Amino acid sequence: MSLSQIRINGIRLNSGLIHLLQLPVSRDAESGIPLYQRLARDRVNVSCLGLRTDALGTSVFCCHENAPLKSGVQSGSDDSALTEKPDPDPISNVCIISVYPHNSSMNTLGVLIELLGKNLIPFQQMTSSNAMITFVVEGAYQKNLLELLEQKFDLPPTHAPFQQDFNEETAVFVKKRYPETRATYVEEKIKTYGIQRVTGLAMFEIRFNPNRFEHLKICGRALQTLARLENKFYFTAAVRRGREESRLFCLTDPVLDLEVQPFLSQLQATGEIDICQPVSVDLLNFHGPHFGDRFGIFNTAMRCLKDTSIKVLLAGCTGASICMVLPVNQGEKAVAALGKGFESP
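Parameters and conventions
- All residue numbers refer to position in the chain's written sequence, counted from 1.
- With the structure being a predicted model, the display of local features is reserved for residues of pLDDT at least 70 and the display and counting of side-chain atom pairs for 80 or more, all residues being used for whole-chain, interface and lining totals.
- Side-chain figures throughout are based on the complete set of non-hydrogen atoms in the structure, without hydrogens or water.
- The term salt bridge refers to a side-chain nitrogen of Lys or Arg lying within 4 Å of a carboxyl oxygen of Asp or Glu.
- What counts as a helix is a DSSP run of H or I of at least four residues, what counts as a strand is a run of E of at least two, and both are numbered from the N terminus.
- Summary of the burial criterion: residues with accessible area below 20% of their type's maximum are buried, those above 50% are exposed, and those between are partly exposed, where the area comes from a 1.4 Å probe applied to protein chains only.
- Two strands pair under a simple rule: DSSP has to find at least two bridges between them.
- Angles here are taken between N-to-C directions and fall from 0 to 180 degrees, while the axes themselves are lines fitted to C-alpha atoms, restricted in helices to the stretch in contact.
- Every residue pair with non-hydrogen atoms within 4.5 Å of one another is taken to be in contact.
- Whenever a nitrogen or oxygen atom comes within 3.5 Å of another N or O atom, the pair is scored as a polar contact, on the condition that within protein one atom can donate a hydrogen and the other can accept it, and that pairs from neighbouring residues in sequence are kept only if both atoms are in side chains.
- The arc under discussion is defined with respect to the helix axis, by the directions toward the C-beta atoms.
- Any two rings among Phe, Tyr and Trp, with Trp reduced to its six-membered ring, count as a pair given centres within 6.5 Å; such a pair is stacked if its planes are under 30 degrees apart, edge-to-face if over 60, and tilted if neither.

**Some words on the pattern of salt bridges**
(1) Moving on: In total, this model carries 12 salt bridges according to the counting rule given.
(2) Moving on: The closest approach of N and O atoms between R7 and D154, which form a salt bridge, is 3.7 Å. With R7 in the segment before β1 (10–22) and D154 in the loop between α3 (142–152) and α4 (168–177), this pair connects stretches of sequence that are 147 residues apart.
(3) Moving on: Relative accessible area serves as the criterion here: at 47%, R7 is assigned to the partly exposed category.
(4) Moving on: Note that E245 and R247 form a salt bridge whose closest N and O atoms lie 2.8 Å from each other.
(5) Moving on: Look at E245 and you get partly exposed, because its relative accessible area is 29%.
(6) Moving on: Classification of R247 by relative accessible area gives buried; the value is 8%.

Now the structure itself:
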């Protein structure tokens, strides 16, 4: 399928953000204060967030507006007994660019990643929601990427502007007149539109060098090959683990080894890209009013699951959605656990 045949409804832009990446400092995943917990403590609204837990510990990235995190632990807080990890090194002036709707199309995902590789545009992180695929890129690439997406995708002539920002004077008035637009209130239970659960999915993990644009092209083309099986993705994320390592995850329906062989062959042809054996997982996703403009929602979800000893393998937040990947057969238990902090219709 050519790029010109892919129809989307819009492109969303949020620019001038700070990107933070917290990597595990030891094999003890419980040491230190997780970044998402610090963000909640400091009442910082998060525009985009991703999490990955493996044998080395938990890695977390986030993008937020220009509000520095407080240093140290506040006296009397729930975190006071923990030893804080060193602050992650921030990257200032990043933007998040989202394409919607993705319609769960593996082809659209592959085309986007190949497009970045072909045009030498690196991305820091990537995650998805029910509707959007979101890339975190440095601000220097913003104009070029937006122009490419406009040229290569079929946008309706009436699509909304990429970014609808208020000027400073208008923003002050709106926040004063309508404080709920930033939704700083804290509910006893956070309202959602419902929690969806999908069980027994296959999670692929591809390890590549994010600085090698050839790797992006190969990954993108391989995903387009997988799309020919008429297989859709339920959730996808890419978490950068350092300057030379990124891990791309994709949740699909289980496929037979014979059917997936062309996909594997493309990835393994260079000998530089690794793919792990698919893991069977459960997926939860939910959203609610103002999720994209409120602090502490993801932290609440993690606390609910931790209290019930449920491990989160992978997670992503973008827009108003939260997606959480769990070990297989843990989804039903996790929905019940989330009921302690979230309210469903």
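What follows picks up the thread again.
**Notes on the sheet that holds strand β13 (residues 321–327)**
(1) Moving on: An order of β1-β3-β2-β12-β13-β11-β8-β10-β9-β5-β6-β4 is seen for the 12 strands of this closed barrel, with the pairing classed as antiparallel. Within the sheet, the average angular offset between the axes of one strand and its neighbour, ignoring direction, is 25°.
(2) Moving on: Pairing between strand β8 (residues 195–208) and strand β10 (residues 245–252): seven bridges, direction antiparallel. Across the sheet, residue I206 finds its bridge partner in β10, namely L248.
(3) Moving on: The strands that helix α7 (residues 297–307) touches are β2 (46–54), β11 (274–287), β12 (314–318) and β13; relative to β13, the one it contacts most, it runs at about 25°.

**Observations concerning the environment of T53**
(1) Moving on: Relative to the assigned elements, T53 resides in strand β2.
(2) Moving on: Distance from T53 to P24, taken between C-alpha atoms, is 9.3 Å for residues 29 residues apart in sequence.
(3) Moving on: Beyond its immediate sequence surroundings of up to four residues, T53 is in contact with T58, K311, V312 and L313.
(4) Moving on: Looking at T53, its side chain comes within polar contact range of the main-chain oxygen of V312, at 3.2 Å.

**Focus: helix α6 (residues 257–268)**
(1) Moving on: All of the buried residues in α6 are V260, F263, L264 and L267. Looking straight down α6, one finds that the buried residues subtend no more than 100° of arc, so they occupy a single side.
(2) Moving on: Turning to α6, the residues buried within the fold contact β8, α5 (213–227) and β11.

**Examining the pairing of β8**
(1) Moving on: Two elements, β8 and β11, share 10 bridges in a ladder whose sense is antiparallel. Note on β11: the bridge partner recorded for Q196 is N285.

**Digging into helix α8 (residues 331–338)**
The α-helix advances 3.6 residues per turn, and as a result positions three or four apart in sequence lie on the same side.
(1) Moving on: All of the buried residues in α8 are G331, A334, A337 and L338. The buried residues of α8 all sit within an arc of 115° when viewed along its axis, so they share a single face. Facing away from the buried side of α8, by more than 90 degrees, are the exposed residues E332 and A336.

**Overview of the packing of aromatic side chains**
(1) Moving on: Across all of its chains, the model carries four aromatic pairs by this definition.
(2) Moving on: Ring centres of F123 and F135 lie 5.3 Å apart, and the angle between their planes is 75°; this geometry places the pair in the edge-to-face category. Of the two residues, F123 sits in the loop between α2 (106–118) and β5 (125–128) while F135 sits in strand β6 (residues 133–138), which places them 12 residues apart along the sequence.
(3) Moving on: F123 sits in the buried class, given a relative accessible area of 4%.
(4) Moving on: Owing to a relative accessible area of 5%, F135 belongs among the buried residues under this scheme.
(5) Moving on: Seen in terms of ring centroids, F204 and F263 are 5.4 Å apart; in terms of plane orientation they differ by 75°. Their pairing is edge-to-face. Taken together, the positions of F204 in strand β8 and F263 in helix α6 put the pair 59 residues apart, joining distant regions of the chain. As far as burial versus exposure is concerned, F204 and F263 are alike and both buried.

**Focus: the side chain of Q125**
(1) Moving on: Within the fold, Q125 resides in strand β5.
(2) Moving on: Given a relative accessible area of 0%, Q125 falls into the buried group.
(3) Moving on: Polar side-chain contacts of Q125 include one of 2.8 Å to the backbone nitrogen of R240.
(4) Moving on: Discounting residues that sit within four places of it in the chain, Q125 has contacts with H19, L21, F61, T134, F135, V136, A238, V239 and R240.

Function cannot be inferred from these measures alone, as they are strictly geometric.
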